[in-house]
Amino acid sequence: MPKAYVFTRYGGPETEALVELDRPTPGPGQVLVAVRAAGVNPVDWKQRTGYGRPGGPGRDLPAVFGNEVAGVVEETGADVTGFAAGDEVFGNPVAGGYAEYALLPVNVTARKPAGLSYQDAAALPVAAATAYDGIHQLALPSGATVLITGAGGGVGVAATQIARALGLRVVGVASDGKKDLVESLGAVHVPSGPELAERVRAAAPDAVDAVFDLVGGEVLEAAATLLADPAKLITGADRETVARLGGAPVERARTSAILDKVAALAVTGTLRPFVTRTFPLDRAGEALRTVEDGHARGKIVIEVSA
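Residues numbered from 1 in each chain as written. Predicted model: local features only at pLDDT ≥ 70, side-chain atom pairs only at ≥ 80, totals over all residues. Heavy atoms only, no water.

1. Describing the overall build of the protein
Here comes step 1: Counting its regular elements, the protein contains 10 helices and 16 strands.
Here comes step 2: In terms of overall dimensions, the protein is globule-like: its C-alpha atoms have a radius of gyration of 19 Å, near the 19 Å expected for 306 residues.
Here comes step 3: Considering only C-alpha atoms, the protein reaches an extent of 60 × 40 × 35 Å along its principal axes.
Here comes step 4: Every one of the 306 residues in the protein was classed for burial, and the buried ones make up 51%.
Here comes step 5: A separation of at least 24 residues holds for 66% of the contacts in the protein among residues at least 6 apart in sequence. (Helix = DSSP H or I, 4+ residues; strand = E, 2+ residues; numbered from the N terminus. Rg over C-alpha atoms; globule rule 2.2 N^0.38 Å. Buried < 20%, exposed > 50% of the residue type's maximum accessible area, 1.4 Å probe, protein only. Contact = heavy atoms within 4.5 Å.)

Structure, rendered in structure tokens:
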């Protein structure tokens, strides 16, 4: 039977297990994909603790981890057009992607370009697409300055590259261990930690025009003090705090069209997914710990054998 990495109840890492599950059957508007790679994101471990999208459906347990995959179409459901068995695709699975098989709705599935590896494609549907949506949501003119917190993680690395490609100046907040990565993307690095606002003011004496937060909590609150206009404050990490501060969460489009756009950026080299480490499916727990501990540089991806 196919294998999948799941959490059996809400809680900590002790709830996780590699199990065998029945091969899924695609419903109307869905494709069954033989997974070749699955991206790892902070939202994955947060969902294990009970976190969910506001207004979204609850999870049936055991629940498969993962929110972005790349692989090969095995079977199509009713009413599916534009995809057929054998197509190489990537997208957002219906219910988890750390598995040998996953179901993808066609409205958030795109063809994988031939020049893009499965590993790089699996890094795009959550991290790069969130970055793309957030930077375009801010709608800043060329030459403006955007502060990106969590700039050394998967979304932050993508957001920095997209912002730079649009002619924006980027001040990136990250740990000292990620300084070289942030600077290699063309951003001004500011170390994370206490008195963050003062360090940002020193790095950007002409002020920042917008904040794209990917950390939340105290970091988000400190970053908000740097803005004259709270409408230019967005977050991909902390909806409650940003609402209190007068900002907004990232407005996710979640469409195949956005996936096509970020894939095109990756193929041209404008956006490098920065997959820095891969793990096999039977070591998915290690991959998740790497992200959950907050020390991951760039993107972590789980490789699934054909």
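2. Quick notes on the packing of aromatic side chains
Here comes step 1: Overall, the coordinates contain four aromatic pairs when judged by the stated rule.
Here comes step 2: Geometrically, the ring pair formed by Tyr5 and Phe65 is stacked, given 5.6 Å between the ring centres and 25 degrees between the ring planes. Taken together, the positions of Tyr5 in strand 1 (residues 3-7) and Phe65 in the loop between strand 4 (63-64) and strand 5 (69-76) put the pair 60 residues apart, joining distant regions of the chain.
Here comes step 3: Taking 5.8 Å as the distance between ring centres and 45 degrees as the angle between the ring planes, the aromatic pair formed by Phe7 and Tyr10 counts as tilted.
Here comes step 4: Of the aromatic side chains, those joined through ring pairs into one cluster are Tyr5, Phe7, Tyr10, Phe65 and Tyr98. (Phe/Tyr/Trp six-rings, centres within 6.5 Å; stacked < 30°, edge-to-face > 60°.)

3. Some words on the packing of helix 3 (residues 124-138) against helix 4 (residues 154-165)
Here comes step 1: Packing of helix 3 against helix 4 brings their axes to within 8 Å, and their N-to-C directions diverge by 45 degrees. By the angle between their directions, the pair helix 3 and helix 4 is classed as oblique. Crossing hand, helix 3 versus helix 4: right-handed. Across the interface between the two elements, Ala127, Ala128, Thr130, Ala131, Tyr132, Ile135 and His136 from helix 3 touch Gly154, Val155, Ala158, Ala159, Ile162 and Ala163 from helix 4. (Axes fitted to C-alpha atoms, helices over the stretch in contact; angles between N-to-C directions. Parallel < 35°, antiparallel > 145°, perpendicular 65-115°, else oblique. Left-handed = near helix turned anticlockwise from the far one by under 90°.)

4. Details of the pairing of strand 7 (residues 101-105)
Here comes step 1: Among the five residues in strand 7, four count as buried, and that is most of the element.
Here comes step 2: In this sheet, strand 7 lies alongside strand 3 (residues 30-40) in antiparallel orientation, the contact comprising five bridges. Its bridge partner being in strand 7, Ala34 is matched across the sheet by Tyr101. (Pairing = 2+ DSSP bridges.)

5. Description of helix 3
Here comes step 1: For helix 3, built from 15 residues, the straight-helix expectation of 21 Å at 1.5 Å per residue is met to within 8% by its first-to-last C-alpha distance of 20 Å.
Here comes step 2: Counted residue by residue, helix 3 has 13 buried out of 15 residues, so it is predominantly covered.
Here comes step 3: Just downstream of helix 3, Ala139 is the residue with a positive phi angle, here 50 degrees. (Expected span 1.5 Å × (residues − 1).)

6. With respect to the packing of helix 3 against helix 9 (residues 256-268)
Here comes step 1: Between helix 3 and helix 9, the shortest axis-to-axis distance is 10 Å and the interhelical angle comes to 95 degrees. Taken together, the axes of helix 3 and helix 9 lie roughly perpendicular to each other. Along its contact with helix 3, which presents Leu124, Pro125, Ala128, Ala129, Tyr132 and Asp133, the element helix 9 presents Ile258, Leu259, Lys261, Val262, Ala263, Leu265 and Ala266.
Here comes step 2: When grouped by side-chain class, the residues that make up the contact of helix 3 with helix 9 number 11 nonpolar, no polar and two charged. (Nonpolar A, V, L, I, M, F, W, Y, C, P; charged D, E, K, R; others polar.)

7. Looking at the pattern of salt bridges
Where side chains of opposite charge bring their charged atoms close, a pairing between them can arise.
Here comes step 1: Counting across every chain of the model gives 13 salt bridges.
Here comes step 2: Among the salt bridges present, the one from Glu292 reaches Arg48, with a minimum N-O distance of 2.8 Å. Taken together, the residues Glu292 in helix 10 (residues 284-292) and Arg48 in helix 1 (residues 42-48) connect sequence positions 244 residues apart.
Here comes step 3: On the basis of relative accessible area, Arg48 is assigned to the buried category, the value being 2%.
Here comes step 4: For Arg252, the salt bridge identified is with Asp133, shortest N-O distance 2.8 Å. Taken together, the residues Arg252 in the loop between strand 14 (248-249) and helix 9 and Asp133 in helix 3 connect sequence positions 119 residues apart. (Salt bridge = Lys/Arg side-chain N within 4 Å of Asp/Glu carboxyl O.)

8. Details of the nonpolar core
Here comes step 1: Residues Phe90, Leu124, Val146 and Phe212 are the most contacted members of the largest nonpolar core, which totals 43 residues.
Here comes step 2: Of all elements in the fold, only strand 5, helix 2 (118-122), helix 3, strand 9 (145-149), helix 4, strand 10 (169-174), strand 12 (210-213) and helix 9 reach the threshold of two or more residues within this core.
Here comes step 3: Among the elements that make up this core, the one with the highest residue count is helix 3 (eight residues).
Here comes step 4: For Phe212, the contacting residues outside a window of four places in its chain are Thr130, Ala131, Gly134, Ile135, Leu138, Val146, Leu147, Ile148, Thr149, Ala159, Ile234 and Val250.
Here comes step 5: With 27 residues, the next largest nonpolar core counts Val69, Val89, Ala287 and Ile300 among its residues. (Core = buried A, V, L, I, M, F, W, Y, C linked by side-chain atoms within 4.5 Å.)

9. Some thoughts on the sheet that holds strand 1
Here comes step 1: Read from one edge of the open sheet, three strands run 2-1-4, paired in antiparallel fashion. A single partner strand is all that each edge strand has here, and the edge strands are strand 2 (16-20) and strand 4.
Here comes step 2: Where strand 1 lies against strand 4, two bridges are found, and the strand directions are antiparallel. Opposite Phe7, over in strand 4, you have Ala63 as the bridge partner.

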